[in-house]
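A structural walkthrough
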Amino acid sequence: MLRSRKKGFSIGEVIISLFVITVGIVAAVGLIAKSISQSIDSRNEIIAAQLAQEGAELTRNLRDNSFIVYSEDPFYWLTDGNKCIDVTKDTSATVDPNLSCSGGNYALKYDTNGRYQYGSGDATRFSRNVAIATSASPAGKRVTSTVWWSGANSPPASCTTGNKCVSVEALLTSWK
């Protein structure tokens, strides 16, 4: 009498198959995790670049409004030093003349109107400092708006996206 042999996979074949499938799944999950991480980094860089540009534009707005209101001095509000230049809570989008940062706190909050500001709102990872310095040639003010999202109280010494920092520089000249 002939014995029939049952056909199937050996334990070795099953282990090798499971190993290949596991390596494939781990690689795919790692790729997805890296993609999500880079997407979040890109989003933060874009938001920070826009907030840095906004800081420079708000400073330009201060210069322009000072020229209109205080025509004798277009740099009425723009004294040298580190500033927290902010949009007011009203809809006119004017600039708050209170430029001092309370205790060096540059952290931005996200308010219910969808704006980043220093006052009220939900805490964010972003901080902004607007540094103003007098420029001799050409005469005016050099504005450096720096945004960082590293969680530090002050910007890193070297501002690069690798340090989670973005900086925008503008030169504001006088009409006089």
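For the protein chain, the helix and strand inventory stands at one helix and six strands. Secondary structure elements of the protein chain occur, N-terminal to C-terminal, as α-β-β-β-β-β-β. Here the protein chain holds 176 residues, and the buried ones make up 28% of them. Here the analysis covers contacts within the protein chain between residues at least 6 apart in sequence; of these, 49% occur between residues at least 24 apart. When the accessible surface of the protein chain is totalled, it reaches about 11200 Å², and 57% of it is carbon and sulfur.

In total, this model carries four salt bridges according to the counting rule given. Between R60 and E57 there is a salt bridge, with its nearest N and O atoms 3.6 Å apart. Remark: E57 and R60 occur in helix α1 (residues 11-69); sequence separation between them is three residues, near one turn of the helix.

Applying the stated criterion across every chain, the model contains one disulfide. Note that C159 is cross-linked by a disulfide to C165, the S-S spacing being 2.0 Å. Measuring handedness by torsion sign, the sulfur bridge of C159 and C165 sits at about -100° and is left-handed. Overall, C159 belongs to the partly exposed group, its relative accessible area being 31%. On the basis of relative accessible area, C165 is assigned to the buried category, the value being 2%.

Here the focus is the pairing of strand β5 (residues 140-148). Along any regular strand, the residues point their side chains to alternate faces of the sheet. Counting buried residues in β5 gives seven out of nine residues, a clear majority hidden from the surface. Here strand β4 (residues 122-135) folds back onto β5, and the loop between the two strands holds four residues. By the bridge criterion, nine bridges tie β5 to strand β6 (residues 165-173) in an arrangement that is antiparallel. Bridged to V147 within β6 is V166.

Averaged over every residue, the pLDDT of the protein chain is 83; the share at 70 or more is 84%. Here strand β1 (residues 81-83) is the element of the protein chain with the lowest mean pLDDT, 83, and β6 is the one with the highest, 92. Between residues 89-95, whose pLDDT stays under 50, and residues either more than four places distant or in other chains, the model counts 17 contacts.

A few words now on the environment of D122. Along the chain, D122 falls in strand β4. On the accessibility criterion, D122 (56% relative accessible area) is exposed. Spatially, the C-alpha atoms of D122 and D111 are 6.3 Å apart, while their sequence positions differ by 11 residues. Sequence-distant contacts of D122, defined by excluding residues within four places in its chain, comprise K109 and Y110.

Attention shifts here to the nonpolar core. With 18 residues, the main nonpolar core has A48, L51, L108, Y116, F126 and V147 as its most contacted residues. Elements represented by at least two residues in this core include exactly α1, β5 and β6. Not counting residues within four places of it along the chain, the set of residues in contact with L51 comprises L108, Y116, F126, R128, S145 and V147.

Relative to the helices and strands, A56 is located in helix α1. Judged by its relative accessible area of 2%, A56 falls in the buried class. A sequence separation of 90 residues divides A56 from T146, and the C-alpha atoms of the two residues are 9.2 Å apart.

Rules used throughout
- Residues numbered from 1 in each chain as written.
- Predicted model: local features only at pLDDT ≥ 70, side-chain atom pairs only at ≥ 80, totals over all residues.
- Heavy atoms only, no water.
- Helix = DSSP H or I, 4+ residues; strand = E, 2+ residues; numbered from the N terminus.
- Buried < 20%, exposed > 50% of the residue type's maximum accessible area, 1.4 Å probe, protein only.
- Contact = heavy atoms within 4.5 Å.
- Areas by Shrake-Rupley, 256 points an atom, 1.4 Å probe, with all protein chains shown as cover.
- Salt bridge = Lys/Arg side-chain N within 4 Å of Asp/Glu carboxyl O.
- Disulfide = S-S within 2.5 Å.
- Pairing = 2+ DSSP bridges.
- pLDDT = per-residue confidence, 0-100.
- Core = buried A, V, L, I, M, F, W, Y, C linked by side-chain atoms within 4.5 Å.

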